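# A closer look at the structure
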Amino acid sequence: MPYISMNMSGRWALRLPFFWRRTLLWIVHLFDRYFSLVIWWQRRIFRMIACMTYEGALSEPEDFPKSEEPVWILGRRYSTQTDLAQLRADVQSRIWLTYRRNFAQIGDSNFTSDKGWGCMLRCGQMVLAEALVRRHLGRDWVWTASTSDKTYLKILSMFEDHRSATFSLHIMSQLGVDEGKPIGEWYGPNTVAQVIRKLTPFDEWNNFSVNVSLDNILIMDEIKCSCQTEGERSWRPLLLFIPLRLGLSEMNPIYYSGIKKCFKMPQSLGLIGGKPNHASYFVGFMGDEIVYLDPHTTQDSGSVDKKTTEAEVELDKSYHCSFAQRMPLEQLDPSLALCFYCGTEKEYDDLCNRMRQELIDSEKTPLFELVSTRPDYMKDDTSTEGATGMCMELEDHHFESEDDEEFEVLQ
């Protein structure tokens, strides 16, 4: 009997006389097609209900639920009760770099997609993209589907997936090869920061000074010196990475407060971090949850170019995520890199003051150490590089560690 379980028949059907059992079986077979139709409609109705539920979730997503808790996104404070539209517009305006497929082969490798290995590189690209937006469009800039600003399109073109784009996956992964990271191997936050530092000198348009503060120490005068061109007081925009490891296998809760304070600073570019094969770009927090953009979506590669065709308009949309995601701070991997941008010397001085007051003086266990000049025990670690105007260069830092975590573990 196809629609009556054997357990049910074992309990009472077999107790019936043979005549009635045969009659019951005949009835079941007689109405078999009707039973099938009923079950088919039942399944269809369940699917319709599920679809309506899912579509309802899409129309009212739980990216930022109504709460009295404020939301901080890269130095901006929002209320989910009064500023939800502006909050979502701010998130959507961030350039979202994800896995791509069907792009030109990377070097001599067979890779035409970075799915499964390029997530941390994409996170590094998102930090760079945010720095470029700050540099040329400002923090108040808002993207819409009709945006066709030439500066914005130029920024976007720098991250296209081909070897001619300045900050492409192709160029970044090739730099990793030069430092012993084969194409297809996962990068950690410290390695990505070092690759970006080596890459930016080839970008004359932006003229960034990229500093990676190692050993949990930020040396203020050296960073300032690297941003000042030789012989004059003009300022090179600063892109600052502070790689940290805030625990062994799990994030130490004593650092939650400091991480939140970083997102409140107007110079914040967020942080990059994550476990192997699962990195994310974290842009803010809400209560005890951290807000992030996830690069683990595989999309087709292509060029937005001048955004004149329908295909280019659709491709442009793929660089902007409509809704952010959240996760508890306790799930944040302890290996991460804090990111900051200072477009002027005044912004840098303000950042140092904020770090001193909010991250050092007011925290029992600071995230890192802030010093005015290089400590004596570190003076043999670097060489002076006067020709480029950078006081202390770290060009001899190599990626020798398999897990990329050469920096000190804080506990």
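A short tour of the structure in this document, coming up. None of these values were measured; they are calculated from a predicted model. (Residues numbered from 1 in each chain as written. Predicted model: local features only at pLDDT ≥ 70, side-chain atom pairs only at ≥ 80, totals over all residues. Heavy atoms only, no water.)

## Regarding the overall build of the protein
Put simply, the rule reads: Only runs of H or I of at least four residues qualify as helices and only runs of E of at least two qualify as strands under DSSP, and these elements are numbered from the N terminus. Per-residue accessibility, obtained with a 1.4 Å probe over protein chains only, is compared with the maximum for each type, and a residue is labelled buried under 20%, exposed over 50%, and partly exposed between these values. Here a residue-residue contact requires only that any non-hydrogen atoms of the pair lie within 4.5 Å.
The number of helices and strands found in the protein is 12 helices and 15 strands. The buried share among the 411 residues of the protein stands at 50%. Long-range pairs, those at least 24 residues apart, make up 71% of the contacts in the protein with a sequence separation of at least 6.

## A word on the pattern of salt bridges
Threshold: We define a salt bridge as a side-chain nitrogen of Lys or Arg found within 4 Å of a carboxyl oxygen belonging to Asp or Glu.
Evaluation of the coordinates by the stated rule reveals 19 salt bridges. In this structure, the salt-bridge partner of Asp349 is Lys224, at a minimum N-O distance of 2.9 Å. One end of the pair, Asp349, is in helix 12 (residues 345-361); the other, Lys224, is in helix 9 (residues 220-227), with 125 residues separating them in the sequence. Linked by salt bridges that have partners in common, Asp90, Arg94, Glu130, Arg134 and Arg139 make up one network.

## Section: the packing of helix 5 (residues 119-136) against helix 8 (residues 189-199)
In a pair of packed helices, the angle between the axes and the distance between the axes together describe the arrangement. The cut-off we apply is this: Orientation is described by lines fitted to C-alpha atoms, with helices fitted over the stretch in contact, and by angles between N-to-C directions that extend from 0 to 180 degrees. By the definition adopted for this analysis, an angle is roughly parallel if under 35 degrees, roughly antiparallel if over 145, roughly perpendicular if from 65 to 115, and oblique otherwise. Should the near helix be turned anticlockwise from the far one by less than a right angle, the crossing is termed left-handed; should it be turned clockwise, right-handed. Gly is put with the polar residues, along with every residue not named as nonpolar or charged; the nonpolar set is Ala, Val, Leu, Ile, Met, Phe, Trp, Tyr, Cys and Pro, and the charged set is Asp, Glu, Lys and Arg.
Between helix 5 and helix 8, the least distance of the axes is 10 Å, while the angle of their chain directions is 50°. Taken together, the axes of helix 5 and helix 8 are oblique relative to one another. Every pair of crossing elements has a handedness; the one defined by helix 5 and helix 8 is right-handed. Contacts from Met120, Leu121, Gly124 and Leu128 of helix 5 reach helix 8 at Pro189, Val192 and Ile196. Across the contact of helix 5 with helix 8, the residue classes break down as six nonpolar, one polar and no charged.

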